[in-house]
Amino acid sequence: MERLLEIARKQSDAVTVYGASETQDAVEFENGRLKAVDSGMYSGTALTVEKDGKQGFAYTRNLIDREGLVRDALAALAGGVEAAGPLPRPTALPKLDTAAAAQDGGNSLLVDECRRMVGYLSGRVKGQVNAMTARAVSELRVLTSSGVDAKVRHSHFWANARALYPGSYSAIERMISTKAFKPFPDVDLQFIADTYNASMNEVKGVPGRTRVLFLPGAMYALVWRLAAATAAKGVYEKVSPLVGRVGEQILSDKLTLVDKPLDDSVPGARAFDDEGTPCRDFALFERGTLKGFFCDRFYAHKTGAEPNGHGWRGGVTSRPSLGLRHLTMATGEQSLADLLKLLGRGVVAAGVMGAHSGNIIHGDYSVGLAPGLWVEDGGIVGVVKDAMVAGNVYEDMKNVVAVGDKVYDAGMGRFPALLLDNVSFAARG
Amino acid sequence: MFEQLQKMLGLARADYADLRYEVMRETSINFSGRELTGLSASSTDGYVWRVLKNGGWSVVAFTRPEDAERAARSAVENAELLARGGARPVRLAPVPPAQDEYRPVLKEDPRQVPTEAKLDMVRRYNGIALDHPKVATTQTGYYDITRDKYFVSTEGARLHEELVTTGLGGGIVTKEGSLTQTVRFGFGGSDGMARVRGREAELAERVKICVDLLEAEPVKAGEYRAVLDQSLAGVFTHEAFGHFSEADIIEDMPTIRERMLLGAKLGSDVLSITDDPTRPGQLGFYRYDDEGVAARPVALMRDGVLSGRLHSRRTAAEFGEPITGHCVAQDYRFGPIIRMGCIFIEPCDKTKEELLAALGDGLYLCNHMGGQTSGDNFTFGAQFGFEVKGGKPGRMLRDINISGNLYATLKNISAVGNDMTLRETGGCGKGQVNYRSCNGAPHVLVDSVVVGGR
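Residue numbers here run from 1 along each chain, matching the order of that chain's written sequence. Here chains are named by letter from A upward and ligands by number from 1 upward, in the order in which they appear as written. Per-residue local features are limited, in this predicted model, to residues with pLDDT of at least 70; the limit for side-chain atom pairs, both in listing and counting, is 80 or more; totals at the level of whole chains, interfaces and linings are taken over all residues.

(A) Focus on the overall build of chain B. The secondary structure content of chain B amounts to 10 helices and 25 strands. Computation of the radius of gyration draws on C-alpha atoms, with the globule rule given as 2.2 Å multiplied by the number of residues to the power 0.38. Over its C-alpha trace chain B gives a radius of gyration of 23 Å, about what one expects of a compact globule, namely 22 Å for 454 residues. Overall, chain B is about 70 × 55 × 35 Å in size when its C-alpha atoms are taken along their principal axes. Within chain B, counting contacts between residues at least 6 apart in sequence, those at least 24 apart form 73% of the total. Helix and strand definitions follow DSSP, with helices as H or I runs of at least four residues and strands as E runs of at least two, each counted in order from the N terminus. Contact definition: two residues whose C-beta atoms, as placed from backbone geometry, lie within 7 Å.

(B) Up close: the overall build of chain A. Each helix and strand in chain A was counted, giving 9 helices and 23 strands. Against the compact-globule benchmark of 22 Å for 429 residues, chain A has a radius of gyration of 23 Å, which places it among compact chains. Whether a residue is buried, exposed or partly exposed follows from its count of other C-beta atoms within 10 Å of its own C-beta, namely 20 or more, 12 or fewer, or something in between, respectively; the C-beta atoms are built from the backbone. Counting only residues that meet the buried cut, chain A has 54% of its 429 residues in that class. Sequence-distant contacts, at least 24 apart, represent 71% of the contacts inside chain A between residues at least 6 apart.

(C) Up close: the packing of helix α3 (residues 106-122) of chain A against helix α4 (residues 186-198) of chain A. Residues and elements named next belong to chain A. The interhelical angle for the contact between α3 and α4, taken along N-to-C directions, is 40 degrees, at an axis separation of 10 Å. Comparing the axis directions of α3 and α4 gives the class oblique. Remark: the crossing between α3 and α4 carries right-handed chirality. Residues M117, Y120 and L121 of α3 form the contact with α4, whose own contacting residues are D186, L189, I192 and A193. Asp, Glu, Lys and Arg are counted as charged, while Ala, Val, Leu, Ile, Met, Phe, Trp, Tyr, Cys and Pro are counted as nonpolar; the rest, among them Gly, fall into the polar class. Tallied by class, residues from the contact of α3 with α4 come to 6 nonpolar, no polar and 1 charged. Fitted lines through C-alpha atoms give the axes, limited to the stretch in contact for helices. The angle between two N-to-C directions lies from 0 to 180 degrees. Small angles under 35 degrees read as roughly parallel and large ones over 145 as roughly antiparallel, with 65 to 115 read as roughly perpendicular and the rest as oblique. Crossings are assigned a handedness: left-handed for a near helix turned anticlockwise from the far helix by less than a right angle, right-handed for a clockwise turn.

(D) A look at unusual backbone geometry. For the bond running from A370 of chain A to P371 of chain A, omega is 5 degrees, close enough to zero to count as cis. Its place among the elements puts P371 of chain A in the loop between β16 (364-369) and β17 (372-376). Even without glycine at this site, M412 of chain A takes up a positive phi of about 75 degrees. In this structure, M412 of chain A sits in the loop between β21 (408-410) and β22 (413-415). Residues other than glycine seldom take positive phi values, yet D399 of chain B does so here, at roughly 60 degrees. Within the element layout of this structure, D399 of chain B appears in the loop between β18 (392-398) and β19 (400-405).

(E) Representation of the packing of helix α1 (residues 2-9) of chain A against helix α2 (residues 66-77) of chain A. All names here are of chain A. For the pair α1 and α2, the least separation of the axes is 10 Å and the interaxial angle reads 45 degrees. Of the possible angle classes, the one that applies to α1 and α2 is oblique. Considering how the two elements wind past one another, α1 and α2 form a crossing that is right-handed. Residue-level inspection shows R3, L4, I7 and A8 of α1 in contact with α2, the latter providing R66, E67, L69, V70 and A73. Here the residues of the contact of α1 with α2 sort into 6 nonpolar, no polar and 3 charged.

(F) Representation of the interface of chain A and chain B. Between chain A and chain B, the contact holds 66 residues from the first and 73 residues from the second. Counting only elements with at least two residues in the side of chain A that touches chain B, the list comes to β2 (33-51), β3 (54-60), α2, α3, β16, β19 (387-392) and β23 (418-427) of chain A. At 11 residues, the largest contribution of residues to the side of chain A that touches chain B is made by β2 of chain A. The class makeup of the residues in the side of chain A that touches chain B is 24 nonpolar, 27 polar and 15 charged. As judged from the 3 bridges shared by β2 of chain A and strand β3 (residues 56-62) of chain B, these two strands associate in the parallel manner. Counted as the bridge partner of G40 of chain A is A61 of chain B from β3 of chain B. A pair of strands is labelled paired if DSSP reports no fewer than 2 bridges between them.

(G) Up close: the pairing of strand β15 (residues 342-345) of chain B. All names here are of chain B. The alternating pattern of β15 places C342 and F344 on one face and I343 and I345 on the opposite face, and all of these are buried. When strand β10 (residues 273-275) meets β15, the two strands line up antiparallel, connected through 3 bridges. Residue pairing for β15: I273 is matched across the bridge by I345.

(H) Local environment of the domain arrangement of chain A. All names here are of chain A. Domain parsing of chain A yields domain 1 (2-193) and domain 2 (200-429). When each unit is reduced to the centre of its C-alpha atoms, the spacing between domain 1 and domain 2 is 23 Å. Contacts between the two partners involve 35 residues from domain 1, matched on the other side by 31 residues from domain 2. Broken down by secondary-structure element, the contributors of at least two residues to the side of domain 1 that touches domain 2 are β1 (14-30), β2, β3, β4 (128-144), β5 (149-164) and β6 (171-178). Top element by residues in the side of domain 1 that touches domain 2 is β6. It accounts for 7 residues. Residue classes in the side of domain 1 that touches domain 2 are distributed as 18 nonpolar, 13 polar and 4 charged. Each domain span listed reflects an automatic or database assignment of domains.

Set out below in structure tokens:
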């Protein structure tokens, strides 16, 4: 990578080299039986050059022809893509504990753990049980002509268990994500069994406005809207409904949403982003008040802000773009049982479908429930089908009844359960 | 190339092995509003092993040729672990080992067009949208992707196929006060760059719809009868029905498999559905899948009766059904899985006006905004719609998502139009992205859908 940097530096004003490699293994059990054991080994290098206010990008899987890669990136300058602002300066980064020591056991360890999870659930639920375990070790380095040389090594272990409703892959599930292999907690397996067993009967919900409990696995449908509106891109393009509202109370004061890249108690902690900008904890909403907009180098440059460490790549084949990788929502004080009591009568969104649809930046959502659980007198009485909840996050997230007392790994981050009042619920009559 | 691959193939100590090598070349151009935010032309490559050992079946992807031996060893170890660990023994349906080379005939090869000319074209399209005073921003992107694929197997298969995909599309955002609305557009295909040229009038029509949406009313939640346009009906066919026709989805889901029996009457009498990757000129065209099997059309439903299923070699043997050539990978990073190629509802005889007249009162829903299924239930977004009274479309509606049950909806399709169109841009995300996933349908009348709304 150093040689690549040197070659590119001689022909441009600023250079960023990004190198990444990863090995991964994954095991799947379907319907209680071992289904797949697959692996992957990937590596690659991306190069961004900046010259005369323009930038060019190229990548390769095999860093054999360095001059060729530089030629490709320089050729891309002709397109006229505007360069981002100044490269980050080298700075002392906090030391994070991101990788666990290698563990013995090979893929047998993953198979055995899946088998244990499946065995636990199969004895407790009548439905189909699926499980997966996976692990990855990755190394990543960002090298810039401004002197940044940042490296990180990550280890990651995931496990997911699910009990599926008949005729469907809608499921009650939980996921764990850790730096090293860890047995899937029995308490989470028991949650799956208890919740599934309580909701086996199909029941009719009552359409109209009702209380809705979003479990962590469904929270991304709401958070996605907030993330879209707090990206600096929406400020620059003046399409975010939050433009000019920093310091204003937007959501319920029960809600705090923070990006926490330095939290190395969970996997994936980062002291720098994929552009080499130092990361820091960054609050989007604190007690419901809008605190700021997240940006990468490009949109910091366009909006006159400082980059705050949110330039992330999908891999070596993509340029950095605005993103949130370490989102978490502050917990409240209510256990799941408390939340169900507070819900009284209404619906639990245990999972949702179609969150990608709708006017996201405007905050609108309209999602199918997969599954939706109907609650009467604070207890789950069954599953509702052909059912949807819809609304706007800037209206509905003002009506927060309570927040759960524990975060779980879910799509887009780590979230607690959230009980909202007065949400529109539609179902087949 | 074949010599190097044949040499590598000898590294796998297995009962069967195949090796796929791909070079992927991609040009992409992206605008966000008037800002050119990305332009790149790059090439990359990688390999995928698949091995069968003692009935265990494993896939390992790798990117560096020097890792070939380590990757082969890992694949064999995984396969042995599966065999020891109680996985159902895998058999592969027999196929004659194909030896062939195929390059598509293109109407204007994007690889021969200078990047500057592509950039000018995208800028011009983007400008059509941005010139309207109510358009706040756009996301406009162009891509052309070439997958240059080589496939060898220990059975003697030796294939080289090129797939060239071109696409231009994105989203238009209009704004009035604090209200924003979004409409998507997309042109493209597998038969050359000519597909994305001369579409200015269609883009202008999309801009008009997005502007009109600023005056539209949010739909009211409830249960409705509805006419779905070609785009929505095509997405329904893909998401709700098509995925259940993929044998790998249902093979270990007994409660679904027992309903999806060939010969079962699942749909209304007017409903026939086909998947045909070999249909010329459409987005999902290919000749051989990524396990070296020649693709063929499959009649999935005829007059409401389930009549076929999409298979890999492994699932064809497992189900005891004919091989179809539908095992496809996104690119060199993935082992192939069963995918639809080009799934569509066969057209019948009704015009759109006749369907609206048959609807009477209800909704006319247009243009999909993505869909998702949980198996028996599905949810799709519609970009816009119209209230229909007495068979006449009236006021425009927005914020529309529909939900339904697959089996009920298949029976609730009470009439099918004569105006089938096929989608030009793809993006199915079943584990991997299939940007060539094609679907289509004529207009259809559905007797019951649940619509979410405030």
